[in-house]
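# Observations on the model geometry
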Amino acid sequence: MTQIPFHRPYVARDQLAYVTDAMHRPWTSGYGHYGERAVHLLREVTGAPHIVLTTSGTTAMDLAALAFDPRPGDEVIVPSFTFVATANAFVLRGAVPVFVDSRPDTLNMDEDRIEAAITGRTRAIAVVHYAGVACEMDRIMKIAERHDLAVIEDNAHGLGGTYHGRALGSYGLLAAQSFHATKNIQCGEGGAVLTADAGLAERAEILHDKGTNRRQFFRGQVDMYRWVDLGTAFAPSEILAAQLVAQLESYDLIQSQRRSLWLRYHEELADWAAAQGVARPGVPDGCEHPAHIYYLLLPDLANRQELIAHLRARGIQAIFHYSPLHSSPAGQRFGRTAPGGCPVAESAADRLIRLPLYAGLEDDAQSRVIEAVKTFRVT
Ligand SMILES: *Cc1c(COP(=O)(O)O)cnc(C)c1O
């Protein structure tokens, strides 16, 4: 029985050729030929005026938080149901993450719970578009405006997604993308920060290059480069950027494959899910998502664990997702939980299972996954 992995990184047509080419160019560090091309291609997908590449989605969040510059003790509202990088970036700046619960349908931060979490110290709302399905951005932007807060997007799942026609990653003052091996577009480890704010973009470029204005020097804007600000080394080498270029050139192909796989799960599991009391992903009107994750919500932890074992016994790897941050050891040490706690995040963490979904997953393999799921009975 051949094993069906949860994920297999897609290798784009020109990926190896570009890596070989990148290795033989005189310039193999950051900001080279492929780095520039990757930024150009990313601009086409996201529409973002300013983009800086990083070595991961985590360092993209770090750079966004560094550029945003909270003061120690400032509070940033974050979902509990997310990856650690969303909160860690602000904790590293001395800020306090305030964990807000999720909506049960999309698992995104519940917009109805944000205002109760705001205090005199709140500076920002960091949103995560779980599975690439947009948060309720109209409401969230209004709340942010009313309380004079910045919005920062952890858009690790949402590259190419839209909310009422507007690209995810374009709502925040700053947004972070991830090109980790498990994401739709991947170069092993990679990321990017997007912004439309020219001042923040200029600062981010300096923070990104060890606190120097070397990029301005290379463009001939200054006659020498110096240490002018804080900073560290965020730039990916040309070897990584070359892979990103090849992936972005195959963007349409990757996305159309993922979309059909996602839709097939959604359609063919509908009757089984209804009969078994299993919830499928909610996609509110106005949300176009990039088919990053296909998940199911079982009635409880025991059934979720049994379904994982049931699939494993049939050679299929399926996984759970996100241990909620509010109750994690570091979340308790560095953060605070919004009034009402995070019961939805806790329940989702127990009940959620992600099915194999990647460009290159063959129809036969997906049929096997679907058939295996359909033979499972909730007890
Ligand atoms: C993948 C991911 C990141 C960052 O991931 P890296 O592995 O560092 O690229 C950040 N936030 C979320 C929600 C993610 O899923």
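All values reported here derive from a predicted model rather than from experimental measurement. (Residues numbered from 1 in each chain as written. Predicted model: local features only at pLDDT ≥ 70, side-chain atom pairs only at ≥ 80, totals over all residues. Heavy atoms only, no water.)

What the protein contains, in helices and strands, is 14 helices and 13 strands. Scaling as 2.2 N^0.38, a compact globule of 379 residues should have a C-alpha radius of gyration of about 21 Å, and the protein matches this with 21 Å. Judged by the C-alpha coordinates and their principal axes, the protein covers about 70 × 55 × 35 Å. For the protein, with 379 residues in total, the buried portion stands at 56%. Roughly 15900 Å² of accessible area belongs to the protein as shown, and the carbon and sulfur atoms make up 53% of that amount. Measuring between centres, the 36 positive side-chain charges of the protein sit 3 Å from its 43 negative side-chain charges. (Helix = DSSP H or I, 4+ residues; strand = E, 2+ residues; numbered from the N terminus. Rg over C-alpha atoms; globule rule 2.2 N^0.38 Å. Buried < 20%, exposed > 50% of the residue type's maximum accessible area, 1.4 Å probe, protein only. Areas by Shrake-Rupley, 256 points an atom, 1.4 Å probe, with all protein chains shown as cover. Lys, Arg positive; Asp, Glu negative; His and termini not counted. Charge placed at Lys NZ, Arg CZ, Asp CG, Glu CD.)

Okay, the sheet that holds strand β10 (residues 287-288) next. Taken together, the 3 strands give an open sheet; going across it, the order is β7-β6-β10, and neighbouring strands pair in antiparallel fashion. The open sheet terminates on both sides in strands that have one partner only, identified here as β7 (166-167) and β10. (Pairing = 2+ DSSP bridges.)

This next bit is on the sheet that holds strand β1 (residues 50-54). Taken in spatial order, the 8 strands of this open sheet run β1-β9-β8-β5-β4-β2-β3-β12, and their pairing is mixed. Because the sheet does not close on itself, it has two edges, and the strands there are β1 and β12 (336-337). Of the strand pairs in this sheet, strand β2 (residues 75-79) and strand β4 (residues 122-128) are connected by 3 bridges, and their pairing is parallel. Looking at β4, one finds that valine 76 is bridged to alanine 124.

Turning to the pattern of salt bridges, a few remarks are in order. Pairs may arise between side chains of opposite charge once their charged atoms sit close together. For the structure shown, the criterion picks out 20 salt bridges. With a closest N to O distance of 3.8 Å, arginine 113 and aspartate 110 form a salt bridge. One continuous salt-bridge network, built from bridges that share partners, spans Arg71, Asp74, Arg121 and Arg123. (Salt bridge = Lys/Arg side-chain N within 4 Å of Asp/Glu carboxyl O.)

Another point: the domain arrangement of the protein. Assigned domains of the protein: these are domain 1 (15-249) and domain 2 (251-374). Contacts between the two partners involve 46 residues from domain 1, matched on the other side by 40 residues from domain 2. Summed over the three residues of domain 1 that lose the most area to domain 2, namely Phe81, Phe99 and Asn184, the buried surface amounts to 20% of that side. A salt bridge links glutamate 75 to arginine 336, with the shortest nitrogen-to-oxygen separation between them at 2.9 Å. At the surface where domain 1 touches domain 2, the tally comes to 20 residue pairs in polar contact (both at pLDDT 80 or more). Sorting the residues of the side of domain 1 that touches domain 2 by element identifies β2, α4 (84-91), β3 (96-100), β6 (162-163) and α8 (238-249) as the ones contributing at least two each. Top element by residues in the side of domain 1 that touches domain 2 is β3. It accounts for 5 residues. (Domains from an automatic or database assignment. Contact = heavy atoms within 4.5 Å. Buried area = accessible area lost by both parts, 1.4 Å probe. Polar contact = N/O pair within 3.5 Å; in protein donor to acceptor, adjacent residues only side chain to side chain.)

Turning our eyes to something else, we now look at a negative patch on the surface. A cluster of like negative charges, contributed by Asp300, Glu306, Glu346 and Asp350, occupies part of the molecular surface. In this fold, aspartate 350 is placed in helix α13 (residues 343-351). We classify aspartate 350 as partly exposed; its relative accessible area is 35%. (Patch = residues over 30% accessible without salt bridge, like charges linked within 9 Å, V, L, I, M, F, W, Y side chains within 5 Å.)

Right, let's get into the packing of helix α3 (residues 57-68) against α4. Where α3 contacts α4, the axes come no closer than 8 Å and their chain directions differ by 35°. Between α3 and α4 the crossing geometry is right-handed. Facing Thr58, Met61, Asp62, Ala65 and Phe68 of α3, the residues of α4 in contact are Ala85, Thr86, Ala89 and Phe90. Considering only residue class, the contact of α3 with α4 consists of 6 nonpolar, 2 polar and 1 charged. (Axes fitted to C-alpha atoms, helices over the stretch in contact; angles between N-to-C directions. Left-handed = near helix turned anticlockwise from the far one by under 90°. Nonpolar A, V, L, I, M, F, W, Y, C, P; charged D, E, K, R; others polar.)

Here we take up the packing of aromatic side chains. Going through the model one piece at a time under the given rule, you end up with 11 aromatic pairs. Ring plane angle 35° and centroid distance 5.5 Å describe the contact between tyrosine 18 and tyrosine 34, whose orientation is recorded as tilted. Taken together, the positions of tyrosine 18 in helix α1 (residues 15-24) and tyrosine 34 in helix α2 (residues 33-46) put the pair 16 residues apart, joining distant regions of the chain. Across the pair, exposure class does not vary: tyrosine 18 and tyrosine 34 are buried alike. (Phe/Tyr/Trp six-rings, centres within 6.5 Å; stacked < 30°, edge-to-face > 60°.)

For isoleucine 293, the position within the fold is in the loop between β10 and β11 (295-297). According to the relative accessible area criterion, isoleucine 293 is buried, its value standing at 2%. Aside from chain neighbours lying at most four places away, what touches isoleucine 293 is Tyr130, Ala131, His157, Trp262, His321, Arg354 and Leu357.

Attention now goes to the site of the ligand. What surrounds the ligand is a group of 15 residues, the closest being Gly57, Thr58, Asp154, Ser178 and Lys183. One of the side-chain nitrogen or oxygen atoms of histidine 157 is found 2.7 Å away from an oxygen atom of the ligand. Between tyrosine 322 and the ligand, the recorded distance is 3.2 Å, taken from a side-chain N or O atom to an oxygen atom. Here the ligand, which alone exposes 380 Å², has 92% of that area covered by the protein. In the shell around the ligand, the residues fall into 5 nonpolar, 8 polar and 2 charged. (Near = heavy atom within 4 Å.)

Regular strands have side chains that alternate between both faces of the sheet. Of all 5 residues in strand β5 (residues 150-154), 5 are buried, a share of seventy percent or more. Judged from the 5 bridges that link them, β4 and β5 form a sheet pairing that is parallel. Bridge assignment links alanine 126 to a residue of β5, and that residue is isoleucine 152. In this fold, β4 hands off to helix α5 (residues 137-146), which returns the chain to β5; that crossover is right-handed. (Right-handed = clockwise from strand over helix to strand, strands pointing away.)

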